[in-house]
Amino acid sequence: MTLQDILLQQLANGLILGSFYALVALGYTMVYGIIKLLNFAHGDLYMIGAFLGFLVLSVLSPLIGDSWVGIMCSMVLSMIAVGLLGVLIQRIAYQPMLSAPRLSILITALAVSMILSNGVLAFTDGEYLAFSTDLGYEGLEFGNVFITYTQMVLVGAAALLMSALYLFVHRTMYGKAMRAIAIDKDACRLMGIHVNRIIALTFFIGTSLAASAGIMAGAYYGSIHFFMGFVIGLKAFTAAVIGGIGSIPGAMLGGLLLGLLESFGTQIPFIGTEWKDVFSFGILILLLVFKPTGILGRTEIERM
Amino acid sequence: MDRLDSAAPGNGDVAGTGGPLRWLESQKNRLIVLTFLAGLAMFLPLISNNYVLEVMTNVWFYVMLCLGLNIVVGYAGLLDLGYAAFFAVGAYTTGILTSHFGVNFWLTIPAAVLFSICAGVIIGGPTLRLRSDYLAIVTLGFGEIVRIIARNLEITGGASGLIGIEKPSLFGFEISQISHFYYVFLLLACLACFVSYRLQHSRLGRAWQYVREDEDAAEAMGIDRVAIKLYAYVIGAIFGGVAGCFFAAKMTAISPETFMFQQSVLILLGVVLGGMGKIPGVIIGAFALVLFPEVFRDLGSSRILVFAIVMLVIMLYRPEGIWPEKKT
């Protein structure tokens, strides 16, 4: 393979990885933008999405098979279910803590994250489950680089979801309400916006996006594990910070950028795959030192 | 500062809601209980078997770790999710220096302190200027970085870790038995209590409390916000590093998996459970942390799940912990 081929291959890998990061980062950034909460449980909701998708698919596959139709159906069902779970978590655990000290709500979020991941651990005994699908290995060849249809559909689906979200936030009344609440919650309440309902909606959308990423990742990599949400949660946060936390286009951009950086980073000598995570956390720390507001974030630094 | 001093918590009675806590409000009764407990702790090796000693040594070890994290989380109000990293720095410093370079155990302690300070400054320096949320996630990432480095470097023994770390000796007396280590860790825990207590009631401790309660007001009063937080972070790191040294000496073997994210969470749980910022509360938290899994061995892998639920319930219904610091 020539250098060009390697770069092209890594571009494809990076785009796929980046789509997953971007979808998870969106939920982080939306929740953070609206109630200033760092939802530690977000990565675990991604994991729950993958497991629920797996469960639904194994129920549905005798009826409609585990090819595209099956995966899409189970993805939609599991996105709805995980979205509702997100709303439930927000109502039970975060709503009462909104006026509490910041440390308390962070610890609450950490507790929720542990409950989700260890709950799945207890159910699965910590084993890797094989996410078997029937997607085939056909694809297109570009020179020496082979890209499967699956990979293209994944990136396409992620792009579709993100465009839908962008339109929703910028073209609908609900989206306008979300953006308004992020600026001033009390003024919104005075203007007759159902603030709690909009916050719940934000959680629903954010967590269902994470769930969609979870199923796609499960189907793509072929195995799921109770701990799969931990690292991606960290990475997605990094992506959200790269793009500027609170900014929706920023999260998309940051996710793709981090995915590409990681894929190309593995090609740099001395940074093999085992150092991949160190590489991206290093980026996070450097970014926080030099540009804590990210690429598209607002310039003010809140001091808390 | 004088006004703050008189309002400082801890000197005086406990906010008892009833029962045993009210009984403890009297200074005399507290003294009786304390003397009894101290005597029990001193003479435990004479009256108990090795299993109890092993568990209790572990308790004192976690008391030290939790008190260290308490300085960061409880006193300064910063969420640190990578505390196991400092513990790892200490343990690996001792492990590498004694097994690769043949350095005496006692000389590795200052080295570990130095490395812990460096690590604390490197991570705390840039992030403490930002929101506390960022610190939480950066420390989480830092914890992972340290673990991955330990797993991938040759000098740290890779995934299998270091084995055969020499047991320390003092003036020709080798610390090798569990009862010896029991006293070593008891001493460390007492030292940690003493240092924590002195810090809490020092000028620095009052500044931490001020910054924790109202950062802007504290800064307006001339407190250097970032420096004060960095002190907390670095002192917490030193506690972790020193605990790590003795951990390596006791276990004689360390592996990267000891320093996983769950370890950091367990230590944090000990701090949160008992009551952030209050020394007796943190000690109770550490006891609960170690004794709970021993008592409920049957729970197996779901014990962290139970822990997490307990943590959530405590946060929702008793956010200040079981035995909180008294607010005046």
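Scoring rules and cut-offs
Residues numbered from 1 in each chain as written. Chains lettered and ligands numbered in written order. Predicted model: local features only at pLDDT ≥ 70, side-chain atom pairs only at ≥ 80, totals over all residues. Helix = DSSP H or I, 4+ residues; strand = E, 2+ residues; numbered from the N terminus. Rg over C-alpha atoms; globule rule 2.2 N^0.38 Å. Buried ≥ 20, exposed ≤ 12 C-beta atoms within 10 Å, placed from the backbone. Contact = placed C-beta atoms within 7 Å. Core = buried A, V, L, I, M, F, W, Y, C linked by C-beta atoms within 7 Å. Nonpolar A, V, L, I, M, F, W, Y, C, P; charged D, E, K, R; others polar. Pairing = 2+ DSSP bridges. pLDDT = per-residue confidence, 0-100. Axes fitted to C-alpha atoms, helices over the stretch in contact; angles between N-to-C directions. Left-handed = near helix turned anticlockwise from the far one by under 90°. Expected span 1.5 Å × (residues − 1). Bend = angle between axes of the 7 residues up to and from the residue.

**Describing the overall build of chain A**
Thought 1: Within chain A, the regular secondary structure consists of 11 helices and 4 strands.
Thought 2: Taken over the C-alpha trace, chain A has a radius of gyration of 19 Å; the compact-globule value for 304 residues is 19 Å, and the two agree within 12%.
Thought 3: Seen along its three principal axes, the alpha-carbon backbone of chain A occupies a region of about 60 × 50 × 40 Å.
Thought 4: Within the span of chain A, comprising 304 residues, buried residues form 48% of the whole.
Thought 5: Across chain A, contacts joining residues at least 24 apart in sequence account for 76% of those joining residues at least 6 apart.

**Examining the nonpolar core**
Soluble globular proteins: nonpolar side chains tend toward being buried together.
Thought 1: If you look at the biggest cluster of nonpolar residues, it comprises 196 residues, and the most contacted ones within it are Ala22(A), Val24(A), Val63(B), Met64(B) and Ala232(B).
Thought 2: Non-local contacts of Ala232(B), meaning those with residues more than four positions away in its chain, are made with Ile71(B), Val72(B), Tyr75(B), Ala76(B), Leu78(B) and Trp208(B).

**A look at the interface of chain A and chain B**
Thought 1: Facing the 36 residues of chain A at the interface are 34 residues of chain B.
Thought 2: Mapped by element, the contributors of at least two residues to the side of chain A that touches chain B are helix H4 (102-124), helix H9 (228-243) and helix H11 (276-290) of chain A.
Thought 3: Counting residues per element, the side of chain A that touches chain B draws most heavily on H4(A), which supplies 14 residues.
Thought 4: Its residues assigned to classes, the side of chain A that touches chain B shows 26 nonpolar, 5 polar and 5 charged.

**Focus on the environment of Phe115(B)**
All names here are of chain B.
Thought 1: Position of Phe115 among the secondary structure elements: in helix H6 (residues 105-127).
Thought 2: C-beta crowding within 10 Å serves as the criterion here: with 19 such atoms nearby, Phe115 is assigned to the partly exposed category.
Thought 3: Spatially, the C-alpha atoms of Phe115 and Ala237 are 9.3 Å apart, while their sequence positions differ by 122 residues.
Thought 4: Beyond its immediate sequence surroundings of up to four residues, Phe115 is in contact with Val89, Thr93 and Gly241.

**Quick word on the pairing of strand S2 (residues 139-142) of chain A**
All names here are of chain A.
Thought 1: Bridge count between S2 and strand S3 (residues 145-148): 4 bridges; the pairing is antiparallel. Bridge pairing in S3 places Phe142 opposite Val145.
Thought 2: With antiparallel pairing between neighbouring strands as the criterion, S2 and S3 make up a hairpin whose turn holds 2 residues, including Gly143 at a positive phi of roughly 65°.

**Points about the confidence of the model for chain A**
Thought 1: In the predicted model, chain A carries a mean pLDDT of 85, and the fraction of residues at 70 or more is 96%.
Thought 2: Mean pLDDT values over the elements of chain A span from 76, in S2(A), up to 91, in helix H8 (residues 195-221) of chain A.

**Side note on the packing of H9(A) against H11(A)**
The packing of two helices is summarised by the inter-axis angle and the distance between the axes.
All names here are of chain A.
Thought 1: Following both chains from N to C, one finds H9 and H11 inclined at 35°, their axes separated by 10 Å at the closest point. Note that H9 runs across H11; the crossing there is left-handed. For the pair H9 and H11, the contacting residues are Val231, Lys235, Thr238, Val241 and Ile242 in the first and Asp277, Ser280, Ile283, Leu284, Leu287 and Leu288 in the second.
Thought 2: For the contact of H9 with H11, the class distribution of residues is 7 nonpolar, 2 polar and 2 charged.

**Notes on helix H4 (residues 50-75) of chain B**
Residues and elements named next belong to chain B.
Thought 1: With 26 residues, H4 should cover 38 Å at 1.5 Å per step; its first-to-last C-alpha distance of 35 Å lies within 8% of that length.
Thought 2: Along H4, the sharpest kink reaches roughly 40°, centred on Leu69.
Thought 3: With 19 of its 26 residues buried, H4 lies for the most part within the structure.

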